[in-house]
Amino acid sequence: MKPKLAVRNLHLHYGTKEVLKGIDLDVPENNIVALIGPSGCGKSTLLRAMNRMHDLNPEAKVKGKILLDDDDIYAPGKDVVAVRRKIGMVFQKPNPFPKSIFDNIAYGLKIAGENNKQKLHAIVERTLRSSYLWEEVKDDLDKSALSLSGGQQQRLCIARAVAVEPEVLLMDEPCSALDPISTARIEELMLELKKQYTIVIVTHNMQQAQRVADLTAFMYFGEVIEFAPTRQLFDAPQMELTANYLSGNFG
Amino acid sequence: MQKRHFIDIAIKWLFFGAAATSVMVLLGIFGMLLFNGVKAFAHISLAEFFFSSNWNPSAYGKPSYGILAMLTSTFLVTLGAMLLAVPLGVGAATYLAQVATEKTRLILKPVIELLAAIPSVVVGFIGIVMVGPFIARVFGLSNGLTALNGAILLAVMSLPTIITVAEDAIRSVPNSFKEASYSLGANQWTTLIKVVLPAAYSGIIAAIILGMGRAIGETMTVLMATGNALAMPRGFFDPVRTMTATIAIELGEVPYGTTHYYSLFAVGALLFLISLVVNLLAENLAGRYRYKL
Amino acid sequence: MRQNSLQQRLGLNTLRFFVLLVLLFLGIILWEVFSKGSGVINSGFLFDYPRKGMTLGGIFPTIMGTIFVTLVTTIFAIPMGIATAIYLSEYANDNGINRLIRASIRNLAGVPSIIYGLFGVAVFVQGMGLGSSVLSSGLTLGLLTLPYIITTTEEALKNVPHSYREGALALGATKWEAIWTNVLPSAVSGIVTGSILGLSRAAGETAPILFTGVAFYLRYLPGSVYDSFMAMPYHLYILSTQHHAIEEVRPLAYGTALVLLSLVFVLNIIAFIIRYRYRNFNKARI
């Protein structure tokens, strides 16, 4: 099957330091792919490369390709803004904007020129329902998003990313700042979302990877050491390095 | 879609244009001062400029351009101001940063900022109507418009700068330092004097230097309140005329393009260099007190 | 140990005394100006022209002059300052040249105001031929205020969490859209506070306008930006040092000082209120 998102020989330098050393990775459509590995192995860097967040940092130099439906997002003259609309991102710390709940969800649609009130309302309701937040906030849509709890904020951020209907959703340790109950709700949400979207998630939590991911990639010092179906990677790792990491010998 | 991108790029260039203009104009100030100031030295020797205390540019036939007297005046007034403002300012900063309750601090800080907001011409006016006559009465002088008057007023004006910057430095001393001292049985005062203030040392020095910069550059206050006598001062009870006051007095009546005109720019360039050194020194020191937690 | 606690009491009380002394200075200045200035304040003082060699009448043209010149300063310095700060903070790379530019701007905020007066004379009055005018003075004060507005605006922008920018970009916003919809709304109170404080400083300055446009006495308000003007700070300077009957006009001087001080304080208090509310708002969202 043709991959939805394909990373091809991707190198990334911060100044003189090489952080990603020729990454190859295929992300199949409607799958959840987890990136695991010790701190500093480059998994978040790789994730951020997938929607060109490194453009913000003049120190970072990217070489190689990332193909979205066979179309290189790093091709010269490529419209970054359009790329980021198709590839959404949820960050490690919930980052709602200091606006109302409604305006947070509608933000991406509004900047894209959607001003029809009724349509916006319909989309806000639909995305909030799909992120299981609707029942909790339906009477408070005008309240500041900053008044929500951490777990609610993160689900709001996921809803916000989903509202613009991206094709791929990138999640950078989305549960690292949350309690176990909120984490469980978000994992549930991810499994629901993968029916429509393709998801790449960076996680430090091995159990989480096993619970949600179809495929898991183990990264170490800027390289993908092993990439396999999750069950296989955890139960019978092919590489010694992977086995060592999973048994807790380092990391 | 196309319009959004066009706006994005147009705005970036608009901002770039504004930034480039601002930066060029602001740097142009330095260039212009230097350019005009250097012209003065076509007719004035450097030795005369710096080592003669005789400033008489409009003397018929043989004008003289020595800035030693006004340089001394500037430093005399600044020194006096610092003698008063440093203990007061650092003491008040210590109180606000370490002794006062959070509520007191939140009320007092804006009040002290209000002191900084008083226009210098009003401070100069207070010097004429209040502080000057007071000095004359207390010390039995015929005229209170002296270096001492200027020093007192400049002390008041530099206090907010010293307090704000020093308070910031003293507050940034990590609590762990204090806790360590308390746990060894030291009381609050010993902890303040032996641990907290030494730890904030470079920030406090930065505060003092910035306060000094404020005093050196102040114009209207000294122009109004120090008597403007062009002679070499012998002490705090003499009237003085500082570098800033000289520019303010003479720029209005000097013909454009004369040596006298350029010599005022030379004085200005010197002032600029002094303030540059003061600011760089303070910034360098202030950067050092930041503790990494 | 007894000695030690006595030392502590003495020490802390000295510090307390120092703070009171600083407050006393402020109190004395305010009391002197308010007690002796309030007597002459009436509608005539505020809305009449000076009469009889400025020994009688009001200060109307000086109030209007100060407002005019501050307006020119505002129009010049605020857009320039904010635009420059946005460029430096949001667009410019953090390389050596830009760090040098930032350091120069910070340092220019500490340059004595008389230096700006010198620049104004050489460049605006003579170099550009704008003459002694509202425009020359306004631009000179604008340059004086510019570094201050740039630094405070940059500070306000720096305080906006990076995640607001990333979040917007990840949703497909262009850079400008992210700044306009997410960064600026969060920084606006800091920017407004800085701008008001900058203008309040400009309105009270005397040295930069001394030779760039302010006049001793005028019978008319400035008709255009190319005319000279009267201004409150300069008027106070004249009345207290240069007037032929200094003792006789002293009450007028006190009145002028009171009006000037009130203007500056009102601006500062407005700025303080904006900042205070913003601080509470910030607390609420953590």
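See the structure printed just above.
Below or above, wherever it landed, is the structure these notes cover.

**With respect to the overall build of chain A**
- A count of helical and extended segments in chain A gives ten helices and ten strands.
- Each principal axis of the C-alpha distribution contributes one length, and for chain A these read about 55 × 45 × 35 Å.
- In chain A, once contacts between residues fewer than 6 apart in sequence are set aside, the share between residues at least 24 apart is 67%.
- With an accessible surface of roughly 10,900 Å², chain A has 48% of that area assigned to carbon and sulfur atoms.

**A short note on the sheet that holds strand 10 (residues 223-229) of chain A**
Residues and elements named next belong to chain A.
- Strand order in the open sheet made by the six strands is 6-7-8-3-9-10, with mixed pairing throughout. Every other strand in the sheet has two partners, leaving strand 6 (87-90) and strand 10 as the edge strands with one partner each. Pairwise comparison of adjacent strand axes, ignoring direction, gives a mean angle of 20° for this sheet.
- Where helix 6 (residues 150-163) meets the sheet, its contacts fall on strand 6 and strand 7 (168-172), and the angle it forms with strand 6 comes to roughly 170°.

**A few points about the pattern of salt bridges**
- By the definition in use, this model includes 32 salt bridges over all chains.
- A:E165 is paired through a salt bridge with A:R126; the nearest N and O atoms lie 2.9 Å apart. Of this pair, A:E165 sits in the loop between helix 6 and strand 7 while A:R126 sits in helix 4 (residues 117-130), and the two are 39 residues apart along the sequence.
- Residue C:R106 is joined to B:E283 by a salt bridge in which the shortest nitrogen-to-oxygen separation is 2.7 Å. Of this pair, C:R106 sits in helix 4 (residues 96-108) while B:E283 sits in helix 12 (residues 259-288), which puts the two residues in different chains.
- A residue is classified by how much of its surface remains accessible, and B:E283, at 29% relative accessible area, is partly exposed.
- What emerges from the salt-bridge pattern is a single network uniting A:E125, A:R129, A:E135 and A:K138.

**A look at a nonpolar patch on the surface**
All names here are of chain B.
- Where nonpolar side chains cluster on the molecular surface, the patch consists of F134, V138, F139 and F237 and spans about 400 Å² of accessible area.
- Its location among the elements puts F134 in helix 5 (residues 120-139).
- Given a relative accessible area of 47%, F134 falls into the partly exposed group.

**Side note on the pairing of strand 1 (residues 5-14) of chain A**
Residues and elements named next belong to chain A.
- Here strand 1 runs beside strand 2 (residues 17-27); their pairing, made up of eight bridges, is antiparallel. Bridging from a neighbouring strand, V7 pairs with L25 of strand 2.
- Relative to strand 4 (residues 60-68), strand 1 runs antiparallel, the two being bridged by eight bridges. Residue R8 lies in a different strand from strand 4, and its bridge partner there is K65.

**A few points about the interface of chain C and chain B**
- The interface is formed by 77 residues belonging to chain C together with 76 residues belonging to chain B.
- Summing both sides of the interface, chain C and chain B together bury roughly 6,900 Å²; the carbon and sulfur share of this comes to 79%.
- When the area that chain C buries against chain B is broken down by residue, the three leading residues are C:Y87, C:N107 and C:L118, summing to 9%.
- At the boundary of chain C and chain B, one finds three salt bridges.
- Linking chain C with chain B are 13 residue pairs in polar contact (both at pLDDT 80 or more).
- Every element with two or more residues in the side of chain C that touches chain B is listed here: helix 1 (2-37), helix 3 (60-91), helix 4, helix 5 (113-127), helix 6 (134-158), helix 8 (175-204), helix 9 (232-242) and helix 10 (250-284) of chain C.
- Of the residues forming the side of chain C that touches chain B, the biggest block, 19 residues, is contributed by helix 1 of chain C.
- Across the side of chain C that touches chain B, the residue classes tally to 52 nonpolar, 17 polar and eight charged.

**Details of the sheet that holds strand 4 of chain A**
- What the four strands build is an open sheet, ordered 2-1-4-5 (chain A); its pairing is antiparallel. In the strand order of this sheet, the two ends are held by strand 2 and strand 5 (71-72) of chain A, each with one partner.

**Description of the side chain of A:S100**
Residues and elements named next belong to chain A.
- Residue placement: S100 occurs in the loop between strand 6 and helix 3 (101-111).
- In this structure S100 comes out as buried when scored by relative accessible area, which is 12%.
- At 3.1 Å, the side chain of S100 and the backbone nitrogen of D103 are in polar contact.
- Discounting chain neighbours no more than four positions away, the residues touching S100 are L141, D142, K143, S144 and A145.

**As for the nonpolar core**
- In this structure, B:I118 and C:Y237 are the most contacted members of the largest nonpolar core, which totals 180 residues.
- A per-element tally of this core places helix 3 (residues 68-99) of chain B first, with 15 residues.
- Setting aside residues no more than four positions away along its own chain, C:Y237 makes contact with B:V121, B:M220, B:L223, B:M224, C:L210 and C:Q242.
- Formed by 42 residues, the second largest nonpolar core is a distinct cluster that contains A:L35, A:C41, A:L170 and C:A173.

**Some remarks on the state of the cysteines**
Residue and element names in this part refer to chain A.
- Counting across every chain of the model gives zero disulfides over all chains.
- Not part of a disulfide, C41 finds its nearest cysteine sulfur in C175, a span of 18 Å.
- Residue C41 is classed as buried on the basis of its relative accessible area, which comes to 2%.
- The thiol sulfur of C157 is not disulfide-bonded, and the nearest other cysteine sulfur, from C175, lies at 12 Å.
- Given the relative accessible area of 3%, C157 is considered buried.

Cut-offs applied
- Residues numbered from 1 in each chain as written.
- Chains lettered and ligands numbered in written order.
- Predicted model: local features only at pLDDT ≥ 70, side-chain atom pairs only at ≥ 80, totals over all residues.
- Heavy atoms only, no water.
- Helix = DSSP H or I, 4+ residues; strand = E, 2+ residues; numbered from the N terminus.
- Contact = heavy atoms within 4.5 Å.
- Areas by Shrake-Rupley, 256 points an atom, 1.4 Å probe, with all protein chains shown as cover.
- Pairing = 2+ DSSP bridges.
- Axes fitted to C-alpha atoms, helices over the stretch in contact; angles between N-to-C directions.
- Salt bridge = Lys/Arg side-chain N within 4 Å of Asp/Glu carboxyl O.
- Buried < 20%, exposed > 50% of the residue type's maximum accessible area, 1.4 Å probe, protein only.
- Patch = residues over 30% accessible without salt bridge, like charges linked within 9 Å, V, L, I, M, F, W, Y side chains within 5 Å.
- Buried area = accessible area lost by both parts, 1.4 Å probe.
- Polar contact = N/O pair within 3.5 Å; in protein donor to acceptor, adjacent residues only side chain to side chain.
- Nonpolar A, V, L, I, M, F, W, Y, C, P; charged D, E, K, R; others polar.
- Core = buried A, V, L, I, M, F, W, Y, C linked by side-chain atoms within 4.5 Å.
- Disulfide = S-S within 2.5 Å.

Function cannot be inferred from these measures alone, as they are strictly geometric.
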